[in-house]
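Spelled out from the first residue to the last, the chains are:
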Amino acid sequence: MQLFCTVVDRGSFSKAAKALGITPAIVGRHIAAMEESLGFRLLNRTTRSMHLTSGGKAYYQGAQTVLSQIEQLEDSLTTAHQNNPEGLIRLSAPDAMGPFLMKAIKEFRTEYSGIRFDLALSNSKSNLIEEEIDLSIRFAFELQDSSYIATKLGESDFGLYAAPSYIDEYQAPSNYTELKKHDCLHMGSSRDGDYWMLTVDGKSLSYRQPWIAVISDTNTLIQATVDGMGIAMIPSVFVNKHISDGDLVKIENVAEFPVVNIYGMYPTRKHVPYRLSLFLDYLKTNFIHIITS
């Protein structure tokens, strides 16, 4: 059942074989033996695609239920695991979330030292199943991945920021039309487009101009702004320390900005490891403290 569900989840024999550490031929033999035992085909396969039969869909749904019940039974009986949880949690998050998550991991492991972490930092969208990610931290105005389970952890507003040296030399814009006169930096590789989302006089605007630089790394964007290269639109959660240190100033009264939600996303609620449940609960309770302290 586990092998068959892995084939369906990964979409091919070869990907399932890689995940399970066996050969595609062994996967094929097991599936063929299952079909012979059941008396019907589970999968229709061609050289380019693979699809569940109607019987295969029913078996997959039933197998998921059975496997979930087995996992719940084992979790309920393994009190040693409950008392001393261990194992690996694979995380993905935007690059600038790295320091915040490492602080969270450090604090979390003071109580659960047996739990280890593999943290992948990228601004690109992750396929949680194919990349074997247990939990992904995402910034989104609206969620579009209905196939994943999402837990809201917090939120952050945006703002326009510049270095004091830039403001001293060029002065701050007093309204959004004056932005055209300024050097502006843009966050690249953004699913939100090549524009800034602004609200002026109650109307939403998609603001564009010839950006002097488009940067795909958040920390590099912030550093370029600190270095006085121009004005950037950045989530406030990432620049709070720079504001308190005097490296950046917030440009007020130009426009209003949307609030972005911060989510913890995981593939399914059916098979959530106990160690992941613990870390999710920790994040939900402490996230605001983590990103503001």
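The sections below set out a description of the structure shown in this document.

Conventions used here
Residues numbered from 1 in each chain as written. Predicted model: local features only at pLDDT ≥ 70, side-chain atom pairs only at ≥ 80, totals over all residues. Heavy atoms only, no water. Helix = DSSP H or I, 4+ residues; strand = E, 2+ residues; numbered from the N terminus. Buried < 20%, exposed > 50% of the residue type's maximum accessible area, 1.4 Å probe, protein only. Contact = heavy atoms within 4.5 Å. Areas by Shrake-Rupley, 256 points an atom, 1.4 Å probe, with all protein chains shown as cover. Lys, Arg positive; Asp, Glu negative; His and termini not counted. Charge placed at Lys NZ, Arg CZ, Asp CG, Glu CD. Core = buried A, V, L, I, M, F, W, Y, C linked by side-chain atoms within 4.5 Å. Patch = residues over 30% accessible without salt bridge, like charges linked within 9 Å, V, L, I, M, F, W, Y side chains within 5 Å. Salt bridge = Lys/Arg side-chain N within 4 Å of Asp/Glu carboxyl O. Axes fitted to C-alpha atoms, helices over the stretch in contact; angles between N-to-C directions. Parallel < 35°, antiparallel > 145°, perpendicular 65-115°, else oblique. Left-handed = near helix turned anticlockwise from the far one by under 90°. Nonpolar A, V, L, I, M, F, W, Y, C, P; charged D, E, K, R; others polar. Pairing = 2+ DSSP bridges.

**Description of the overall build of the chain**
- In terms of regular secondary structure, the chain is built from 10 helices and 13 strands.
- Its C-alpha atoms put the chain at 80 × 45 × 35 Å along the principal axes.
- Per-residue burial for the chain yields a buried fraction of 43% across its 293 residues.
- Sequence separation of 24 or more characterises 75% of the internal contacts of the chain that already satisfy a separation of 6 or more.
- Accessible surface, the chain as shown: approximately 16000 Å² in total, 49% of it carbon and sulfur.
- The average position of the 27 basic charges and that of the 33 acidic charges among the side chains of the chain differ by 8 Å.

**Some points on the nonpolar core**
- Core analysis: the largest hydrophobic core is formed by 63 residues, its most contacted members being W196, F279 and L283.
- The leading source of residues in this core is helix 10 (residues 274-292), at nine residues.
- The contacts of L283, once residues within four sequence positions are left out, are A104, L135, I137, L153 and I290.
- Counting 17 residues, the second-largest nonpolar core is a separate cluster that includes V7, A16, A17 and L43.

**Section: a nonpolar patch on the surface**
- Taken together, the side chains of M1, V66 and I70 present a nonpolar region at the surface, about 220 Å² in accessible area.
- Of note, V66 is situated in helix 4 (residues 54-77).
- A relative accessible area of 31% places V66 in the partly exposed class.

**Looking at the packing of helix 6 (residues 98-109) against helix 10**
- Where helix 6 contacts helix 10, the two axes come as close as 10 Å, and the packing angle between them is 120 degrees. Compared by their axis directions, helix 6 and helix 10 come out oblique. The crossing of helix 6 and helix 10 is right-handed. Residue-level contacts link F100, K103, A104, I105, E107 and F108 of helix 6 to R275, L278, F279, Y282, L283, H289, I290 and I291 of helix 10.
- Here the residues of the contact of helix 6 with helix 10 sort into 10 nonpolar, one polar and three charged.

**Structural notes on the pairing of strand 8 (residues 196-200)**
- Of the two faces of strand 8, the one lined by W196, L198 and V200 is fully buried and the one lined by M197 and T199 carries no buried residue.
- Inspection of the sheet shows strand 8 paired to strand 9 (residues 203-207) by five bridges, in the antiparallel sense. Bridge pairing links M197 to S206 in strand 9.
- Connecting the antiparallel pair strand 8 and strand 9 is a turn made up of two residues, with D201 showing a positive phi of about 55 degrees.

Take it as geometry only, folks, not as evidence of what the structure does.
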